[in-house]
Amino acid sequence: MAETDKGVEAGAAKEAENTPPKPRTPNPTPTYEGDYVLNEHLLLECGRTLAGVTLHYAVYGKLNAARDNAVLVCHALSGSALVGEWWPEVFGPGALLSLEHDFVICINLLGSCYGSTGPSSVNPETGEPYGADFPLISIHDNVRAQSKLLDSLGIRKLRLVMGGSLGGMQALEWTIQFPIRVEKALIVGVAPLGAMGLALNHLQREAIRHDPDWQNGGYLPQKPPRRGLSLARQIAMLSYKSGPLLDERFARNPNRNGENPWGLDDFGGGLIGGRFDIAGYLDEQGRRFVERFEANSYLAILRTMDTWDPLRGSNSLQETFGRIKAHLTFVGINSDWLFPPGDVRRFAETIRSVGVSIDYREMTSDHGHDAFLAEQVDLVRLLQ
């Protein structure tokens, strides 16, 4: 996720100097945040099982007596259960969700480093962290685990399930796996990942794997593969933004700390040199990311994203998508080249072809795939 660091937009600093601050919706705080431990083994699509599975989750608002006001928000790749921190504008006055009327729940993905079972968790069968032995977790696996948490809360029906990017994959999977439990789904910037996205994720994995500190996934917490994870994040950032946005913010300017890409090298070499501004931005994004995320979790969730394809193993479109009873709203982003809007629209039309109720909307933004996080007010306006 899609998934720019909150408040980390170095290229926007100059713009901010000349723009009056806009009033902003205060971030809602959770009514409750905690863990749910499954009381049974979770059989995974890959054939392995996980024991003692923990799901970290947060809820906002109150569940009504009829238990029919529940909304599930699904987070993207590097997100967390604290949706009020990374998607606050969807809770704004007159926006998509209302804490006066809705009971909003967000569940941290399996594989993550934000509380749910992941590679750094202790395998109860060995007493050691899973590390590189952590199994492949699918979107289907996540949704099944999430359904068990909702069962424990007495939630049988979801008024809405929503998410962007990897969160949108979960939202759609909910409508397929549990058709009678979902009334509506909002799916932003999602289609099965194309060859370009798969290629970029491959390069990110290679960056981490080739960091000597990765130690085949067995690195110590105090010595993680920082350089590899930083480089992986920088590759990802390019896929989250658009070319026009980067040109507008950075162009061919030298790095704002005073480096000179054209400067003479005192030692006579010309292989490296001073950085351009875009390089300084990417390096800073990578530096910040390694302070908040874990390399093996990043690898695990990239695999979850890569392997999602609702039609894999299916005999027909009808068999898979014909199960859906919810109304689906798909949103494409015009400048998104990780999940191009044409792919999103065609995916939506494929599902509609078997009689599913669908509408497609398109967000206009220079922010690329990140627009659903970077321009939340515009997204809310599009969906109202």
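What you see is a predicted model; the values in this text were computed from it and never measured.

Participant: For this particular structure, what's the right way to read the pattern of salt bridges?
Facilitator: Any two side chains of opposite charge can pair, so long as their charged atoms come close to each other. One pass over the structure, following the stated rule, counts 19 salt bridges. Of the charged contacts, one joins R288 and E284 as a salt bridge, the two residues approaching to 2.6 Å between their closest N and O atoms. Placement of both R288 and E284 in helix 8 (residues 277-290) is noted, with a separation of 4 residues, approximately one turn of the helix. Under the relative-accessibility criterion, R288 is labelled partly exposed at 35%. Owing to a relative accessible area of 24%, E284 belongs among the partly exposed residues under this scheme. Each of D151, R156 and R181 takes part in a single network of salt bridges with overlapping partners.

Participant: What am I meant to see in the sheet that holds strand 5 (residues 70-74) here?
Facilitator: Two orientations exist for strands paired in a sheet by backbone hydrogen bonds: parallel and antiparallel. Sheet architecture is open: 8 strands sit in the order 1-4-6-5-9-10-11-12, paired in mixed fashion. Of all the strands in the sheet, the pair left with one neighbour each is strand 1 (32-37) and strand 12 (358-363). Strand-to-strand, the axes of this sheet are offset by a mean angle of 20 degrees, without reference to chain direction. Bridge count between strand 5 and strand 6 (residues 103-107): 4 bridges; the pairing is parallel.

Participant: Sorry, what's going on with the nonpolar core here?
Facilitator: What tends to happen in soluble globular proteins is that the nonpolar side chains get buried as a cluster. Ranked by internal contacts, the top residues of the largest apolar core, which has 79 residues, are L172, W174, Y298, L328, F330 and I351. Of all the elements, helix 9 (residues 295-306) adds the most residues to this core, at 7 residues. Excluding anything up to four places from it in sequence, F330 contacts L172, I187, V190, V344, F347, A348, I351, I358, D359, Y360 and R361. One finds V90, V104, C106 and L373 within the second-largest nonpolar core, a separate group that totals 29 residues.

Participant: Quick question: what am I supposed to make of the packing of aromatic side chains here?
Facilitator: The geometry of an aromatic ring pair is captured by two quantities: the separation of the ring centres and the angle between the planes. Evaluation of the coordinates by the stated rule reveals 15 aromatic pairs. An angle of 90 degrees between the planes, with centres 6.0 Å apart, marks the rings of W308 and F347 as edge-to-face. Highlighted residues: W308 in the loop between helix 9 and helix 10 (317-321) and F347 in helix 11 (residues 341-352), separated in sequence by 39 residues. The pair W308 / F347 is uniform in exposure class, with both members buried. Ring pairs connect the aromatic residues Y114, F289, F293 and Y298, which therefore count as one cluster. A cation over an aromatic ring shows up here: R181 above the ring of F178, its NZ or CZ 5.6 Å from the ring centre. The ring of F289 carries R233 above its face, with NZ or CZ at 4.2 Å from the centroid.

Participant: Where do I start with empty space enclosed by the protein in this structure?
Facilitator: Where empty space is left can be seen by rolling a probe of water-molecule size over the atoms. Approximately 50 Å³ is the volume found for the largest cavity. Lining of the largest cavity is provided by L77, L193, N201, Q204, A236, S239, Y240, M305 and L338. Ranked by the residues each element gives to the lining of the largest cavity, the list is headed by helix 6 (residues 226-240), at 3 residues.

Participant: Would you explain the side chain of N201 in this entry?
Facilitator: One can find N201 in helix 5 (residues 195-209). A residue is classified by how much of its surface remains accessible, and N201, at 5% relative accessible area, is buried. A polar contact of 3.2 Å, which involves the side chain of N201, links it to the side chain of Q204.

Participant: Could you clarify how one ought to interpret the environment of P224 in this entry?
Facilitator: Within the secondary structure layout, P224 lies in the loop between helix 5 and helix 6. In this structure P224 comes out as partly exposed when scored by relative accessible area, which is 25%. C-alpha of P224 to C-alpha of D370: the two residues are 146 residues apart in sequence and 27 Å apart in space. Other than its neighbours up to four places away in sequence, P224 contacts D213 and Y219.

Participant: For this particular structure, what's the right way to read unusual backbone geometry?
Facilitator: For residues besides glycine, phi is generally negative; the peptide bonds are generally trans as well. Of note, N216 is a non-glycine position whose phi angle comes to about 55 degrees, a positive value. Tracing the backbone shows N216 in the loop between helix 5 and helix 6. Here N216 falls in the exposed class, since its relative accessible area comes to 65%. Of note, the phi angle at A251 is positive, near 45 degrees, even though the residue is not glycine.

Cut-offs used in this document
- Residues numbered from 1 in each chain as written.
- Predicted model: local features only at pLDDT ≥ 70, side-chain atom pairs only at ≥ 80, totals over all residues.
- Heavy atoms only, no water.
- Salt bridge = Lys/Arg side-chain N within 4 Å of Asp/Glu carboxyl O.
- Helix = DSSP H or I, 4+ residues; strand = E, 2+ residues; numbered from the N terminus.
- Buried < 20%, exposed > 50% of the residue type's maximum accessible area, 1.4 Å probe, protein only.
- Pairing = 2+ DSSP bridges.
- Axes fitted to C-alpha atoms, helices over the stretch in contact; angles between N-to-C directions.
- Core = buried A, V, L, I, M, F, W, Y, C linked by side-chain atoms within 4.5 Å.
- Contact = heavy atoms within 4.5 Å.
- Phe/Tyr/Trp six-rings, centres within 6.5 Å; stacked < 30°, edge-to-face > 60°.
- Lys NZ or Arg CZ within 6 Å of the ring centre and 35° of its normal.
- 1 Å grid on protein atoms, 1.4 Å probe; cavity = no way out; pocket = protein on both sides within 12 Å on 5 of 7 lines; lining within 4 Å.
- Points joined across faces, edges and corners; volume = space filled by probe spheres on them.
- Polar contact = N/O pair within 3.5 Å; in protein donor to acceptor, adjacent residues only side chain to side chain.

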